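Each chain, written out:
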Protein chains: 2
Amino acid sequence: MKIEHYSRTPAEPADGVPGVTVRWVIGKKDNAPNFAMRIFEIEPGHSTPYHQHEWEHEVLVLDGEGTVRQKDGESRIGNGSVIFVHGMEMHQFSNRGESVLRFVCLIPI
Amino acid sequence: MKIEHYSRTPAEPADGVPGVTVRWVIGKKDNAPNFAMRIFEIEPGHSTPYHQHEWEHEVLVLDGEGTVRQKDGESRIGNGSVIFVHGMEMHQFSNRGESVLRFVCLIPI
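Only a predicted model underlies this, so the values are computations on that prediction, with no experimental measurement involved.

S.K.: Would you mind showing me how to read the relation of the copies chain A and chain B here?
M.R.: Note: a rotation about an axis with an accompanying shift along it relates these two copies of the chain. In the superposition of chain A on chain B (RMSD 0.0 Å, axial shift 0.0 Å), the rotation amounts to 180°. With respect to symmetry, the two chain copies, as superposed, fit the operation of a two-fold axis. The fraction of interface residues of chain A whose copies in chain B are also interface residues reaches 100%, indicating that both copies meet through the same surface.

The following block contains the structure:
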């Protein structure tokens, strides 16, 4: 069993996107067989890319205020919001608040 | 895309365990293909069973104070604790605080 505060895992730049970091808190290095848990932090005024990919996201917002953009428009998200992004669905997470937007995001391995 | 506050999903009794509820916030009903997201709430003084099963758990603690029991003893957990329970590992979550112990727990589908 692994038991560790998420802050023990280093925050790495997320694919060179400015103002966005990712912590791989559970993944292949832990011998996770099916899916990986990552914690994202987006600084105020920053966003992830508006993009799509084959794999799904399962997201729970932990802190902050922001939006999720999809092809039909934007929705507000905040603490306790659950977002399920299907494979190949366009999506973008943006911080619209004055503090960090933090969320946990899981993907298949 | 599904975007919804976790509290919109009903809290169901968890396998008849007193003081423990579960919300299936992302799962088969949402056409999730690989893994399911559940939010557990344990009332003060209550615990999940000390048990094991073939599938893994990926857990992030959201609120409250508690412990995780494994075969080697107990560890304290609280807001921000990440717990990876391997398949077939014995485990038990207990609320040791005075408010609800809330955590997100993902399992393979």
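Back to the write-up after that little detour.
S.K.: Looking at this structure, I do not really get the sheet that holds strand 9 (residues 92-95) of chain A. What am I missing?
M.R.: Sheets are built from strands that pair by backbone hydrogen bonding, the pairs being arranged parallel or antiparallel. Residues and elements named next belong to chain A. Judged by pairing direction, the sheet is antiparallel, and its 3 strands sit side by side in the order 7-6-9 without closing on themselves. Two strands lie at the open edges of the sheet, namely strand 7 (73-78) and strand 9, each paired on one side alone. Pairwise comparison of adjacent strand axes, ignoring direction, gives a mean angle of 30° for this sheet. Here strand 6 (residues 65-70) runs beside strand 7; their pairing, made up of 6 bridges, is antiparallel.

S.K.: Sorry if this is basic, but what is going on with the sheet that holds strand 3 (residues 20-26) of chain B here?
M.R.: An order of 1(A)-8(B)-5(B)-10(B)-4(B)-3(B)-2(B) is seen for the 7 strands of this open sheet, with the pairing classed as antiparallel. Two strands close off the open sheet at either side, each with one partner strand: strand 1 (2-5) of chain A together with strand 2 (12-13) of chain B. Pairing between strand 4 (residues 35-42) of chain B and strand 10 (residues 101-108) of chain B: 8 bridges, direction antiparallel. Within the sheet, the bridge partner assigned to Ile-42 of chain B lies in strand 10 of chain B and is Leu-101 of chain B.

S.K.: What is the right way to look at the interface of chain A and chain B in this model?
M.R.: How big an interface is tends to be stated in terms of the accessible area lost upon association of its parts. With 34 residues of chain A at the interface, the matching set in chain B holds 34 residues. Secondary structure elements with two or more residues in the side of chain A that touches chain B: strand 1, strand 3 (20-26), strand 4 (35-42), strand 5 (57-63), strand 6, strand 7, strand 8 (81-85) and strand 10 (101-108) of chain A. When residues of the side of chain A that touches chain B are assigned to their parent elements, the largest contribution, 5 residues, is made by strand 8 of chain A. Residue composition of the side of chain A that touches chain B, grouped by class: 19 nonpolar, 9 polar and 6 charged. As judged from the 4 bridges shared by strand 1 of chain A and strand 8 (residues 81-85) of chain B, these two strands associate in the antiparallel manner. Bridging from a neighbouring strand, Ile-3 of chain A pairs with Ile-83 of chain B of strand 8 of chain B.

About the cut-offs
Residues numbered from 1 in each chain as written. Chains lettered and ligands numbered in written order. Predicted model: local features only at pLDDT ≥ 70, side-chain atom pairs only at ≥ 80, totals over all residues. Least-squares fit on C-alpha atoms with pLDDT ≥ 70 in both. Contact = placed C-beta atoms within 7 Å. Pairing = 2+ DSSP bridges. Helix = DSSP H or I, 4+ residues; strand = E, 2+ residues; numbered from the N terminus. Axes fitted to C-alpha atoms, helices over the stretch in contact; angles between N-to-C directions. Nonpolar A, V, L, I, M, F, W, Y, C, P; charged D, E, K, R; others polar.

Fair warning: the whole summary comes from geometry, so function is off the table for now.
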